[in-house]
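Below, each chain spelled out in residue letters.
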Amino acid sequence: MEEIRILGIAPFESIRAAMERVAREEFPEVRFEAYTGDLEEGVKIAQRLVNENESYDVMISRGGTAELLKQKLTMPVVEITFSVYDILRAIKMAENYNSLYAIVGFPSITGPAHTLCDLLRFNTDIVTVHSEAEVRSALERLKLGGYNMVICDNVTHSIARELGYSAFLITSGAESLHAAFEHAIDISKEYRRMRRKIALLQNAVRQARGNVLVFNEKKELFYTTEDSVPEKIRDYFVQRIGDLSSGAVRQFLYTDELTYLRVTAQAMTFANEQFYVFCYTQTILSRKSINAGIYLYEHNEVQHLFQDSFLSISGAIRPLEKRLSALAATAQPVLILGEPGTGKQQIAKALYLNSPYNKNPFVVINCATLNEKGWEFLFNSPSSPLLENHTTIYFQDIGKLAYRNLQELLYYSNQISLKTRVFMIFSCIVSQQNAPAPTIQSFSSEMGCVGLSVIPLRSRADEIPSLANLYLNSLNATLGKQIIGLAPNAMDQLIHYSWPDNFTEFKAVLSELAALASSSYILNDSVTEVLLKERTLHHVEAPPTAENPFSGKTLDQIISAAINQTLSDCGGNQTLAAKQLGISRSTLWRHLN
């Protein structure tokens, strides 16, 4: 039998890995290739691969990406549907979330969601979108309605995170992937078509090692592999069109302050019309490490790092959002105080992202690693970031600075009006329930800092179920697992642990538990084992064993005590007490009399 070739376009990496695993283990007779690309990016990948190789029989994809592939390519596309099991897994993980939430996604998600919610009588709001453009407006409307969390697909997940939502990503289970492959094999037996001959733009994409821009005879941008092209780059290429002669390949470099492009350009004729094709690769000239202990980040990098942080993914930063927005708007110096692992650096990033200076660089000065050379650079070099305007400068862990350094920073700040030109953020590690050192308090007062204290995780024990399940949902996507949550006793252990290293430790523990999990639930024994290791590492005493309340009592006495306590809890209502105990009212009456 002729070999079946299937092309997989996965919206994100974990789906790609799962598709490859199912193909390898369950359909060894199929030649399967998978790539990662969401929506338009996935379409571009598919177009390039199909143009390079005409022997694919069918494609497999999911959600909005599958819909776009159906619209823009002639090859048959099989969609990985979301089963009710996939939706149910996500809803189960969201059960510990106390705020309003909705299910948002393309019809492939909301169709099964409606069926499931109707069958189980879940009173859950479901919003259907049909394009990426509709997602943002739908989420903004929900935000106005008081919603803080969504259960969604990959496209919605990215935008929801950007808008400050907590988000549970729905992942496809093995049963959905298996069904998609069976359907694809059936289709491939019926559809063996010849692909269109290679055209100019397809040829350009095939040859390109990077991004592609194509201009027509009128010097108008005709085609691009990028979602958006910086105007200065586009204008520069237009200027170089006159240097191209038909068939000749030109290579040149383009540089500006931070961008370096290696460009290959060629004029081509197709259907009697002239086109100018520019293929280029781009590298950002990194100024990230300015000097020892001093680092510079651009807006996009800070946003990416923050959105991928535990505080953002788990929603742990949400109680601080209003205060952070208010502090950031004034650009007044801020001193962040907190125990180790409470996320002070991520809070500094959030302040920067909400500030009026967020389009300018974010400079991190790590006081723990800053050496004498770096300190001299700050105050004596004409390239010092302290001489810039409208930047954000974060002094991380100022408790590591000597008293003379703090005084020098104060003096220098006053001399050059530093705090009126830049947004200054400081952080300092404080131990449990202790104020910062007197030198730090004095420095903060003279600098005019607003204090921001970060609450340790042990003081937020009631939030641990929600934080844990949101982060586990993220780990499901990363690890390709289908963990629903923690067993009740396992969750109780997390709630009652003291977390001396706060979110840093919490994230590490959840990551280890998820990696070790072999079933849908993380079990009590696994948590006991991991927390025992943490207690040993941090010298934390195990919680005292509770006294046995049944010690020295007969069975009749135990039953009587349980009935009387339940009756008291129910306000003397015998019917309600009997229902809670799981016995009939007459049985209850006999025990009472």
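Fair warning: this is a prediction, and the values are worked out from it, not measured in the lab.

*Asks:* How should I be thinking about the overall build of the chain in this particular structure?
*Replies:* Each helix and strand in the chain was counted, giving 25 helices and 22 strands. Counting only residues that meet the buried cut, the chain has 50% of its 593 residues in that class. Accessible surface, the chain: about 29400 Å² in total, of which carbon and sulfur atoms supply 50%.

*Asks:* Where do I start with the sheet that holds strand 2 (residues 30–36) in this structure?
*Replies:* Across the sheet, which stays open at both edges, the 4 strands sit in the order 2-1-3-4 with parallel pairing between neighbours. Only two strands of the sheet have a single partner each, and these edge strands are strand 2 and strand 4 (77–80). Adjacent strand axes in the sheet meet at a mean angle of 25 degrees, parallel and antiparallel pairs treated alike. Two elements, strand 3 (residues 58–62) and strand 4, share 4 bridges in a ladder whose sense is parallel. Bridge assignment links Met59 to a residue of strand 4, and that residue is Val77. Contacting strand 1 (4–10), strand 2, strand 3 and strand 4, helix 8 (residues 174–190) runs over the sheet at an angle of about 165 degrees to strand 4.

*Asks:* Can you walk me through a nonpolar patch on the surface in this structure?
*Replies:* There is a patch of nonpolar side chains on the surface, built from Leu119, Leu120 and Phe122 and spanning about 290 Å² of accessible area. Here Leu120 lies in helix 5 (residues 107–120).

*Asks:* I would appreciate a short explanation of the pattern of salt bridges in the present structure.
*Replies:* Two side chains carrying opposite charge are able to pair once their charged atoms lie near each other. Scanning all chains against the criterion turns up 12 salt bridges. Lys70 is the partner of Glu79 in a salt bridge, and the nearest nitrogen-oxygen pair spans 3.4 Å. A relative accessible area of 17% means that Glu79 is categorised as buried. Measuring nitrogen to oxygen at the nearest pair gives 3.3 Å for the salt bridge that ties Glu162 to Arg136. Taken together, the residues span a long stretch of sequence, with Glu162 in helix 7 (residues 154–162) and Arg136 in helix 6 (residues 132–144) at a distance of 26 residues. Among the residues examined, Arg136 registers a relative accessible area of 31% and is labelled partly exposed.

*Asks:* Help me understand unusual backbone geometry in this model?
*Replies:* Leaving glycine out, the prevailing phi sign among residues is negative, and the prevailing peptide bond configuration is trans. At Leu39, a position not held by glycine, the phi torsion is positive, near 50 degrees. With respect to the element layout, Leu39 can be found in the loop between strand 2 and helix 2 (40–52).

*Asks:* How should I be thinking about the pairing of strand 19 (residues 423–429) in this particular structure?
*Replies:* Where a strand is regular, its side chains alternate between the two sheet faces. Most of strand 19 sits inside the fold, with 6 of its 7 residues counted as buried. Of the pairings in the sheet, the one linking strand 16 (residues 334–338) to strand 19 comprises 5 bridges and is parallel in character. Bridging from a neighbouring strand, Leu335 pairs with Phe426 of strand 19. Both strand 18 (residues 392–396) and strand 19 contribute to a ladder of 4 bridges, which runs parallel. Bridge pairing in strand 19 links Thr392 to Phe423.

*Asks:* Can you help me understand the packing of aromatic side chains in this one?
*Replies:* The way to describe two aromatic rings as a pair is by their centre distance and the angle between their planes. Overall, the coordinates contain 18 aromatic pairs when judged by the stated rule. Plain terms: the ring middles of Tyr236 and Phe237 are 6.2 Å apart, the flat faces sit at 50 degrees to each other, and that makes the pair tilted. Accessibility classification places Tyr236 together with Phe237 in one group, the buried group. Centroid distance Phe362 to Tyr394: 6.3 Å. Interplanar angle 15 degrees. Geometry classified as stacked. Note that Phe362 is positioned in strand 17 (residues 362–366) and Tyr394 in strand 18, a separation of 32 residues in sequence. The exposure class of Tyr394 is buried, given its relative accessible area of 1%. Seen from the ring of Tyr56, Arg5 lies directly overhead, with NZ or CZ sitting 4.6 Å from the centre. Geometry around Tyr165 places Lys143 over its ring, the cationic atom sitting 4.6 Å from the centre.

*Asks:* Mind showing me how you'd approach the side chain of Ser61 here?
*Replies:* Structurally, the position occupied by Ser61 is in strand 3. Contact partners of Ser61, with chain neighbours within four places excluded, come to Ile9, Ala66, Leu69, Val78, Glu79 and Ile80.

*Asks:* Hey, could you run me through the environment of Thr342 in this one?
*Replies:* Of note, Thr342 is situated in the loop between strand 16 and helix 14 (344–354). For the pair Thr342 and Asn502, spaced 160 residues apart in the sequence, the C-alpha separation amounts to 5.6 Å. Those residues within four positions of Thr342 in sequence are excluded, and the remaining contacts are Leu311, Ile347, Val454, Ile455, Pro456, Asn502 and Phe503. Polar side-chain contacts of Thr342 include one of 2.7 Å to the backbone oxygen of Glu339.

*Asks:* Before we go on, may I ask you to explain the nonpolar core in this structure?
*Replies:* Side chains of a nonpolar character, in soluble globular proteins, are inclined to be buried together. Grouped together as the largest cluster of nonpolar side chains are 76 residues, with contacts concentrated most on Ile151, Ile347, Leu351, Leu494 and Phe506. In terms of residues, this core owes the most to one element, helix 19 (residues 464–479), which gives 7 residues. Membership of the second largest hydrophobic core comes to 33 residues, among which are Ile9, Val43, Val50 and Val129.

*Asks:* I tried to follow the sheet that holds strand 7 (residues 149–152) on my own but got confused; where do I start?
*Replies:* Neighbouring strands of a sheet are bound in pairs by backbone hydrogen bonds; such pairs are parallel or else antiparallel. Across the sheet, 4 strands lie side by side as 6-5-7-8; this open sheet has parallel pairing. Lying at the two open borders of the sheet, with one neighbouring strand each, are strand 6 (125–128) and strand 8 (166–169). This sheet shows a mean twist of 25 degrees between the axes of neighbouring strands, independent of strand direction. The sheet contact formed by strand 5 (residues 101–105) and strand 6 spans 4 bridges and is parallel. For Gly105, the partnering residue across the bridge sits in strand 6 and is Thr128. Along the sheet, helix 4 (residues 84–93) contacts strand 5, strand 7 and strand 8; its crossing angle with strand 5, the most-contacted strand, is approximately 150 degrees.

*Asks:* It is not clear to me how the side chain of Ser444 should be interpreted in this structure. Could you clarify?
*Replies:* Looking at the secondary structure, you find Ser444 in helix 18 (residues 438–447). If we ignore the near neighbours within four places in the chain, the residues touching Ser444 are Leu335 and Cys449.

*Asks:* Please explain a negative patch on the surface as it appears in this structure.
*Replies:* A cluster of acidic residues, Glu25, Glu26, Glu182, Asp186 and Glu190, forms a negative patch on the protein surface. At the level of secondary structure, the elements contributing two or more residues to the negative patch comprise helix 1 (13–26) and helix 8. For the negative patch, the element with the most residues is helix 8, which contributes 3 residues. Mapped onto the elements, Glu182 comes out in helix 8.

What counts, and at which threshold
- Residues numbered from 1 in each chain as written.
- Predicted model: local features only at pLDDT ≥ 70, side-chain atom pairs only at ≥ 80, totals over all residues.
- Heavy atoms only, no water.
- Helix = DSSP H or I, 4+ residues; strand = E, 2+ residues; numbered from the N terminus.
- Buried < 20%, exposed > 50% of the residue type's maximum accessible area, 1.4 Å probe, protein only.
- Areas by Shrake-Rupley, 256 points an atom, 1.4 Å probe, with all protein chains shown as cover.
- Pairing = 2+ DSSP bridges.
- Axes fitted to C-alpha atoms, helices over the stretch in contact; angles between N-to-C directions.
- Contact = heavy atoms within 4.5 Å.
- Patch = residues over 30% accessible without salt bridge, like charges linked within 9 Å, V, L, I, M, F, W, Y side chains within 5 Å.
- Salt bridge = Lys/Arg side-chain N within 4 Å of Asp/Glu carboxyl O.
- Phe/Tyr/Trp six-rings, centres within 6.5 Å; stacked < 30°, edge-to-face > 60°.
- Lys NZ or Arg CZ within 6 Å of the ring centre and 35° of its normal.
- Polar contact = N/O pair within 3.5 Å; in protein donor to acceptor, adjacent residues only side chain to side chain.
- Core = buried A, V, L, I, M, F, W, Y, C linked by side-chain atoms within 4.5 Å.
- Lys, Arg positive; Asp, Glu negative; His and termini not counted.
- Charge placed at Lys NZ, Arg CZ, Asp CG, Glu CD.

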